[in-house]
Amino acid sequence: MDIKTRINETAKALEQNYKEQGIFEIAVGMKLPKRSAIVEIINEVRRVMFPGFFGTENIAFVSLDNFAGNTLAGIYLELYKQIRIAFMFQNQKRIKNGKEPIAENQQAIETMAERVTQKFFDELPKVQKLLLKDVQALFDGDPAAESLEDVIFSYPGLYAIYVYRIAHVLYQEKVPYVPRIMTEYAHGKTGIDINPGATIGEYFFIDHGTGIVIGETCEIGNHVKIYQGVTLGALSTMKGQELSGKKRHPTIGDNVVIYSNTTILGGQTIIGKNSVIAGNTFVTYSIPENTRVSAFVPDLQIQKRE
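What comes next concerns the included structure. (Residues numbered from 1 in each chain as written. Predicted model: local features only at pLDDT ≥ 70, side-chain atom pairs only at ≥ 80, totals over all residues. Heavy atoms only, no water.)

To continue, consider the layout of surface pockets. The computed volume of the largest pocket comes to approximately 590 Å³. Elements with a contribution of two residues or more to the lining of the largest pocket: helix H6 (156–172) and helix H7 (178–190). Counted by class, the lining of the largest pocket contains 7 nonpolar, 8 polar and 4 charged residues. The computed volume of the second largest pocket comes to approximately 210 Å³. Around the second largest pocket, the lining residues are Glu-123, Lys-126, Val-127, Leu-130, Tyr-164, Arg-165, His-168, Val-169, Gln-172, Thr-199 and Ile-200. Contributions of two or more residues to the lining of the second largest pocket are made by helix H4 (106–141), H6 and strand E2 (199–200). It is H6 that contributes the most residues to the lining of the second largest pocket, 5 residues altogether. (1 Å grid on protein atoms, 1.4 Å probe; cavity = no way out; pocket = protein on both sides within 12 Å on 5 of 7 lines; lining within 4 Å. Points joined across faces, edges and corners; volume = space filled by probe spheres on them. Helix = DSSP H or I, 4+ residues; strand = E, 2+ residues; numbered from the N terminus. Nonpolar A, V, L, I, M, F, W, Y, C, P; charged D, E, K, R; others polar.)

This is the structure:
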């Protein structure tokens, strides 16, 4: 078989797959959010959150008031555009699949996109305050950290938390596609997978970070420390989409420390406040407050903290 014939046969097989799947048939006027534009939004918002750290401007010679306003103006326009595209695509897909649309017309979608974009900007000062507490948590918790600046510049855990916190605002406003694109970008850069739907309190500490997974319905309190390889996941996903919207991931109380390579599963699993979970521990049931849990093969050892 010559190469042209081989290519033609492969192309026909792929075209048949396209038709069978359906998801690749995008109608005229439909388009998905642009990933590169969303990554640029992440980068630009980070410049505003941490002025002088990630841009080319010299803050010593730039008014912070003018810097924030000028930078936010550009972010607003691009974010509004991507949110509008996401809503429009979702609406058209729902109509195509015979489902109730999220909006009656394009004007209604534009109004939704404008409201959500404004909400995002309203939340930025609050997000920044949370991030600065996260920076402090990382500095306080890691003796290898030389300074707060070192944490901001260098720590992948902070980057993953930052992207999660801005994505979470959009997730709460039910923006499709965009929040997950954001957190999956951070996942690819850091190896830390935080679903934008998770609820995470203040002063959050992630050290090393690689391999951490935090599921969509996970709830994490304040002053929680998590180390590399930790999974806060679902006990079972055998029912697939039937579990959508249901509590599937654990709840972690305040002042909990979870050491490396530990797995905690289940929507009904609650780790009580002030508890410590040792590394390499597998937990599928609730742990009371003020408890130390460690898995020494073959027995699970549970000790009351003094």
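Having seen the structure, we can now continue with the description.
Here H7 is 13 residues long and its end C-alpha atoms lie 19 Å apart, about the 18 Å a rise of 1.5 Å per residue gives. For H7, the full list of buried residues reads Val-178, Pro-179, Met-182, Thr-183, Tyr-185, Ala-186 and Thr-190. Looking straight down H7, one finds its buried side chains confined to an arc of 150°; they lie on one side. Two residues or fewer past H7, Gly-191 is found with a positive phi of approximately 75°. (Expected span 1.5 Å × (residues − 1). Buried < 20%, exposed > 50% of the residue type's maximum accessible area, 1.4 Å probe, protein only. Arc of directions from axis to C-beta.)

Bringing the sheet that holds strand E11 (residues 270–271) into the picture now. Strands sit in the order E2-E5-E8-E11 across an open sheet of 4 strands; the sheet is parallel. In the strand order of this sheet, the two ends are held by E2 and E11, each with one partner. Here strand E5 (residues 219–220) runs beside strand E8 (residues 251–252); their pairing, made up of 2 bridges, is parallel. Within E8, the residue paired with Glu-219 across the bridge is Thr-251. (Pairing = 2+ DSSP bridges.)

The subject of this paragraph is the environment of Asp-207. Turning to its location among the elements, Asp-207 is positioned in strand E3 (residues 205–207). Remark: the alpha-carbon pair of Asp-207 and Pro-156, spanning 51 residues in sequence, is separated by 8.5 Å. When neighbours within four sequence positions are excluded, Asp-207 is seen to be in contact with Asp-142, Ile-226, Tyr-227 and Gln-228. (Contact = heavy atoms within 4.5 Å.)

Now for empty space enclosed by the protein. Following the criterion strictly, the structure yields 1 cavity of 30 Å³ or more and no others. Put simply, the largest cavity is a space of about 40 Å³. Forming the walls of the largest cavity are Ala-160, Val-163, Tyr-164, Thr-183, Ala-186, Ile-192 and Ile-194. Those elements giving two or more residues to the lining of the largest cavity turn out to be H6 and H7. In terms of residue count, the dominant contributor to the lining of the largest cavity is H6 (3 residues). Grouping the amino acids of the lining of the largest cavity by side-chain chemistry returns 6 nonpolar, 1 polar and no charged.

Just distances and angles here, no functional claims.
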